[in-house]
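# Working through the structure, step by step
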4 protein chains.
Amino acid sequence: MTSPASGRPLRADALRNRAKVLAAAEEVFAVQGTSSSTEEVARKAGVGIGTVFRHFPTKESLLEAVLVALLERLAAEAAELRSSADPGAAFFGFFSRVVSQAATKQAITEALAEAGIDARETTGGAGSGLTAALGVLLERAQEAGEVRADVGPGEIMALLAGMSYAAARAGAREDLLRIAFDGLRSRPGPDRGAARG
Amino acid sequence: MTSPASGRPLRADALRNRAKVLAAAEEVFAVQGTSSSTEEVARKAGVGIGTVFRHFPTKESLLEAVLVALLERLAAEAAELRSSADPGAAFFGFFSRVVSQAATKQAITEALAEAGIDARETTGGAGSGLTAALGVLLERAQEAGEVRADVGPGEIMALLAGMSYAAARAGAREDLLRIAFDGLRSRPGPDRGAARG
Amino acid sequence: MTSPASGRPLRADALRNRAKVLAAAEEVFAVQGTSSSTEEVARKAGVGIGTVFRHFPTKESLLEAVLVALLERLAAEAAELRSSADPGAAFFGFFSRVVSQAATKQAITEALAEAGIDARETTGGAGSGLTAALGVLLERAQEAGEVRADVGPGEIMALLAGMSYAAARAGAREDLLRIAFDGLRSRPGPDRGAARG
Amino acid sequence: MTSPASGRPLRADALRNRAKVLAAAEEVFAVQGTSSSTEEVARKAGVGIGTVFRHFPTKESLLEAVLVALLERLAAEAAELRSSADPGAAFFGFFSRVVSQAATKQAITEALAEAGIDARETTGGAGSGLTAALGVLLERAQEAGEVRADVGPGEIMALLAGMSYAAARAGAREDLLRIAFDGLRSRPGPDRGAARG
DNA sequence: CATGAATGAGGCTTCATTCAT
DNA sequence: CATGAATGAAGCCTCATTCAT
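Report on the accompanying structure. (Residues numbered from 1 in each chain as written. Chains lettered and ligands numbered in written order. Predicted model: local features only at pLDDT ≥ 70, side-chain atom pairs only at ≥ 80, totals over all residues. Heavy atoms only, no water.)

### Regarding the relation of the copies chain D and chain C
Stated precisely, the cut-off is as follows: Our superposition of the copies is a least-squares fit, built on the C-alpha atoms of residues whose pLDDT is at least 70 in both. Pairs of residues are marked as contacts when any of their non-hydrogen atoms sit within 4.5 Å.
The transform that puts chain D on chain C rotates by 178° and translates by 0.0 Å along the axis, for an RMSD of 0.4 Å. The two molecules are tied by a two-fold rotation axis, judged by turn and shift. Of the C-alpha atoms belonging to chain D, the one lying closest to the rotation axis is found on glycine 183 of chain D, 1.6 Å away. Taken together, the interface assignments show that 100% of the residues at the interface of chain D recur at the interface of chain C, consistent with an identical surface on both copies.

### A word on the protein's contact with DNA strand E
Counted only if it meets this: What makes a residue near a molecule or strand is one non-hydrogen atom of that residue sitting within 4 Å of it. What qualifies as a polar contact is a pair of N or O atoms within 3.5 Å, subject to a donor-acceptor requirement within protein and to the restriction that residues adjacent in sequence count only when both atoms come from side chains. Only DSSP runs of H or I with at least four residues qualify as helices, and only runs of E with at least two residues qualify as strands; both kinds are numbered from the N terminus onward.
Asn17, Thr51 and Arg54 of chain B, Thr51 of chain C together with Phe53 of chain D are the nearest of the 36 residues found near DNA strand E. A share of 67% of the atoms of DNA strand E within 4 Å of the protein falls on sugar and phosphate groups. A distance of 3.1 Å separates a phosphate oxygen of DNA strand E from a polar atom in the backbone of glycine 48 of chain C. Between DNA strand E and threonine 38 of chain D, the relevant distance is 2.8 Å, taken from a phosphate oxygen to a side-chain nitrogen or oxygen of the residue. Put simply, the parts of the chain that give the surface near DNA strand E at least two residues each are helix H3 (49–55) of chain A, helix H1 (12–32) and helix H3 (49–55) of chain B, helix H1 (12–32) and helix H3 (49–55) of chain C together with helix H3 (49–55) of chain D.

### Topic: the interface of chain B and chain A
In plain terms, the rule: Note on definitions: buried area is the accessible-area loss of two parts on being combined, 1.4 Å probe, summed for both. Charged residues are taken to be Asp, Glu, Lys and Arg, nonpolar residues to be Ala, Val, Leu, Ile, Met, Phe, Trp, Tyr, Cys and Pro, and polar residues to be all remaining types, Gly included.
Each side of the interface is counted separately: chain B has 44 residues, and chain A has 44 residues. Summed over both sides, the interface between chain B and chain A buries roughly 3600 Å², with carbon and sulfur atoms accounting for 60% of that surface. Between the two partners, chain B and chain A, sit four residue pairs in polar contact (both at pLDDT 80 or more). Mapped onto the side of chain B that touches chain A, the elements with two or more residues apiece are helix H5 (87–102), helix H6 (106–117), helix H8 (153–170) and helix H9 (174–185) of chain B. It is H9 of chain B that provides the largest number of residues to the side of chain B that touches chain A, a total of twelve residues. When its residues are assigned to classes, the side of chain B that touches chain A shows 21 nonpolar, eight polar and 15 charged.

### Section: the packing of helix H5 (residues 87–102) of chain C against helix H8 (residues 153–170) of chain C
All names here are of chain C. Cut-off, in case you're wondering: All axes here are fitted lines through C-alpha atoms, helices being fitted over the stretch that makes contact, and every angle between N-to-C directions spans 0 to 180 degrees. If an angle is under 35 degrees, it is roughly parallel; if it is over 145, roughly antiparallel; if it lies from 65 to 115, roughly perpendicular; otherwise it is oblique. Crossings are assigned a handedness: left-handed for a near helix turned anticlockwise from the far helix by less than a right angle, right-handed for a clockwise turn.
For the pair H5 and H8, interaxial distance at closest approach is 8 Å and the crossing angle is 40°. The angle between H5 and H8 falls in the class oblique. Here the hand of the crossing between H5 and H8 comes out right-handed. Residue-level contacts link Phe91, Phe95, Val98, Val99 and Ala102 of H5 to Ile156, Leu159, Leu160, Met163, Ser164, Ala167 and Ala168 of H8. When its residues are assigned to classes, the contact of H5 with H8 shows eleven nonpolar, one polar and no charged.

### Some thoughts on the environment of glutamate 114 of chain B
All names here are of chain B. Filter applied, for reference: Exposed residues in this analysis have more than 50% of their type's maximum accessible area, buried residues have under 20%, and partly exposed residues fall in between, with area computed by a 1.4 Å probe over protein chains only.
Checked against the element boundaries, glutamate 114 lands in helix H6. On the accessibility criterion, glutamate 114 (23% relative accessible area) is partly exposed. With 47 residues separating them in the primary sequence, glutamate 114 and alanine 161 have C-alpha atoms 9.2 Å apart.

### Considering the interface of chain D and chain C
Put simply, the test is: Salt bridge, as used here: a side-chain nitrogen of Lys or Arg that lies within 4 Å of a carboxyl oxygen of Asp or Glu.
Across the boundary between the two partners, chain D contributes 44 residues, which contact 44 residues of chain C. Approximately 3600 Å² of surface area, both sides summed, lies buried where chain D meets chain C, with 60% of it carried by carbon and sulfur atoms. A salt bridge links glutamate 155 of chain C to arginine 178 of chain D; the shortest N-O distance between them is 3.7 Å. Elements represented by at least two residues in the side of chain D that touches chain C include exactly helix H5 (87–102), helix H6 (106–117), helix H8 (153–170) and helix H9 (174–185) of chain D. Considering each element in turn, the side of chain D that touches chain C owes the most residues, twelve residues, to H9 of chain D. Each residue belonging to the side of chain D that touches chain C can be placed in one class, and the counts come to 21 nonpolar, eight polar and 15 charged.

### Points about the relation of the copies chain B and chain A
Of the two same-sequence chains, chain B is brought onto chain A (RMSD 0.4 Å, axial shift 0.0 Å) by a rotation of 178°. Residue by residue, 100% of the interface of chain B is reproduced at the interface of chain A, so both copies engage with the same surface.

### Considering the packing of H1 of chain B against helix H2 (residues 38–45) of chain B
All names here are of chain B. Interaxial distance between H1 and H2 falls to 8 Å at its minimum, and their mutual angle equals 125°. Relative to H2, the element H1 lies oblique. H1 and H2 meet at a crossing whose hand is right-handed. Contacts between H1 and H2 involve Lys20, Val21, Ala24, Ala25, Glu27, Val28, Phe29 and Gln32 from the former and Glu40, Val41, Lys44 and Ala45 from the latter. Tallied by class, residues from the contact of H1 with H2 come to seven nonpolar, one polar and four charged.

What follows is the structure in structure tokens.
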């Protein structure tokens with residue numbers, strides 16, 4: 001998933017450059033926002049601007065690659081917790097960790113939002129990877145009675161994105177998570193018409 | 001508060017144009033994001049580019065004016081509910097309405113985030129206006145036992161921003177609000193270590 | 001000479017406004033250079049921008065009016081010295097005074113340069129007025145043997161512009177005048193090929 | 001000194017383009033004044049506007065480069081005459097040549113004025129280079145008795161700027177130089193109070 | 001007449017993208 | 001493949017000038 005779109009395999013040094021660019025882009029976009037220039041990325045990566053465009057023919061494609069990489073990493077983290085002994089801790093712990101990462105890397109929020117919205121062609125694979133892995137954690141937590149039964153992975157993704165956004169803007173706040181987690185645990189009584197517009 | 005920075009009052013036509021520009025900016029920024037061009041705004045408003053800059057000498061000032069206007073409107077909405085007979089409905093209803101507006105106007109999310117982060121000089125007045133009005137709704141709902149006692153206006157603002165973001169990206173989702181609202185209502189038992197990183 | 005181009009006489013208040021604008025322009029252009037905006041002039045004059053353009057339909061025309069006014073003033077000064085008892089002191093004193101004024105008002109330099117170059121339609125009248133008045137001082141100084149006989153008013157105007165420029169840029173410098181004045185007094189011997197290129 | 005600010009040497013073609021831009025700027029600024037647009041320069045140079053800004057990131061930096069180049073060229077000319085057999089001819093000849101160049105290139109006048117005013121950081125190096133080289137010519141001419149002893153390089157620079165200005169506006173005039181040169185040669189008698197204001 | 005709001009051409013600068021070296 | 005120079009569209013902003021109030 002970290003290989004280029006074209007079929008041909010890359011030479012070792014090319015692959016190294018690709019990785020350098022991706023890492024630089026991740027950092028630059030995280031720190032200075034996604035409107036940073038590609039030149040900035042190239043500089044940070046220590047390569048020429050041409051190299052950036054050789055590997056990622058478009059700024060958008062570079063941004064997407066960053067998001068995909070982030071999502072893949074998160075998906076991997078989630079997958080590791082799949083068989084944790086404490087499903088509740090696994091689920092909530094993962095959720096917390098993502099949000100606290102998002103506090104410093106705003107790209108994460110975007111990645112989550114993208115992934116949450118659509119299982120489109122673009123981030124599709126990666127996004128659904130995370131959704132699936134998160135789904136497993138969710139399901140196990142639900143079976144253990146730690147999370148209410150009437151929520152699905154899609155809602156969790158959206159909630160994750162929302163909390164990450166709040167954390168990115170207002171700072172990582174445990175208080176927000178407390179509310180969200182209580183909401184996720186609560187066994188709702190009869191519908192009290194919460195969301196009337 | 002929607003009048004220009006300079007002391008003198010504007011001529012009727014100038015005021016009309018200012019309003020047109022502001023409305024256009026609100027729409028453009030809502031639909032296409034805050035990085036839309038000022039030319040776009042001028043076109044939408046049906047005025048020359050010079051007129052935009054006469055009223056808002058900087059793109060940033062225009063953006064700020066939009067955010068301030070949004071926040072003021074929300075604050076006014078909240079203020080109207082101040083003495084509602086049903087404090088719980090007032091609070092949750094307001095929350096819902098904001099989020100559903102944010103679903104189409106992403107500028108709202110930004111406004112909330114700005115307002116939530118800082119009560120700085122810039123959006124300061126308006127932001128704190130909303131925070132204050134919302135604080136009243138919150139307090140009354142808490143007194144009525146509809147909202148847990150251990151949250152303050154700051155958390156609500158952050159939560160509002162987060163939910164709005166999610167709604168703006170993933171669509172207005174009642175399911176998310178349900179979770180959040182249950183979290184807000186729940187009387188937390190012993191700390192179950194929810195937010196461990 | 002300070003009346004508008006059009007034939008009709010102005011109302012008293014209009015005339016007053018014209019004078020205010022002219023004075024403001026003189027000061028603004030002197031201090032901040034001729035690329036200052038007309039708005040700046042209007043502000044300084046305490047009138048609306050429309051008033052500036054009513055009296056001077058073009059920025060260029062305003063600038064020209066400023067230059068003309070300066071030249072007229074200088075011409076008047078020169079004229080007053082016409083019958084001075086000491087022709088040498090009159091001539092050199094006038095020269096010095098102009099240059100020292102130019103040190104703070106760069107518009108003077110421009111005015112002199114314009115006047116020196118051409119007796120065109122534009123500054124023509126005023127420029128030739130100064131040239132003529134200065135010519136009288138020069139002639140009398142030459143008759144008194146204080147200035148060499150082989151220079152004419154045109155040269156003096158050009159020299160004045162050059163010295164004014166130097167003074168405006170490098171500060172009023174008596175040393176430069178000393179050189180120039182010695183050059184003007186000297187009775188040249190046989191041509192020593194001074195200006196070989 | 002005509003190389004770019006950054007340390008690295010430029011590729012051959014880049015250097016060629018830089019030179020083209022500089023030459024174009026010199027001509028454009030000479031003919032139409034330093035307020036000509038950078039687009040004009042780009043057009044004249046036959047390159048894209050982006051290329052101009054790649055080499056000179058600011059209009060001001062471009063202007064400065066032009067002035068520095070001019071001053072360097074003049075300094076080099078002066079340096080060549082350092083050991084001329086006829087110090088008087090060397091000094092006055094150089095002076096004449098500069099002024100006659102200024103007649104067509106008004107940028108020279110500005111360069112001289114800048115250099116004369118300040119030996120600041122900006123044009124500093126180049127400006128002082130010319131001042132120094134000119135100082136040598138002056139000293140030798142003074143030792144040969146061709147120039148009065150009571151003037152220094154600073155005065156010469158200012159005089160040069162003033163004469164250049166006059167030449168640029170009123171045309172190259174040998175008559176002005178004659179006066180200035182006679183002033184520079186004259187052995188002043190008792191102070192006749194030349195520069196009284 | 002005076003005012004100042006409206007206009008839009010034009011200036012400077014940035015940056016994604018292309019292409020010669 | 002890597003490099004970085006070249007490109008030009010597009011963005012922000014200024015300002016001389018016009019015109020409705």
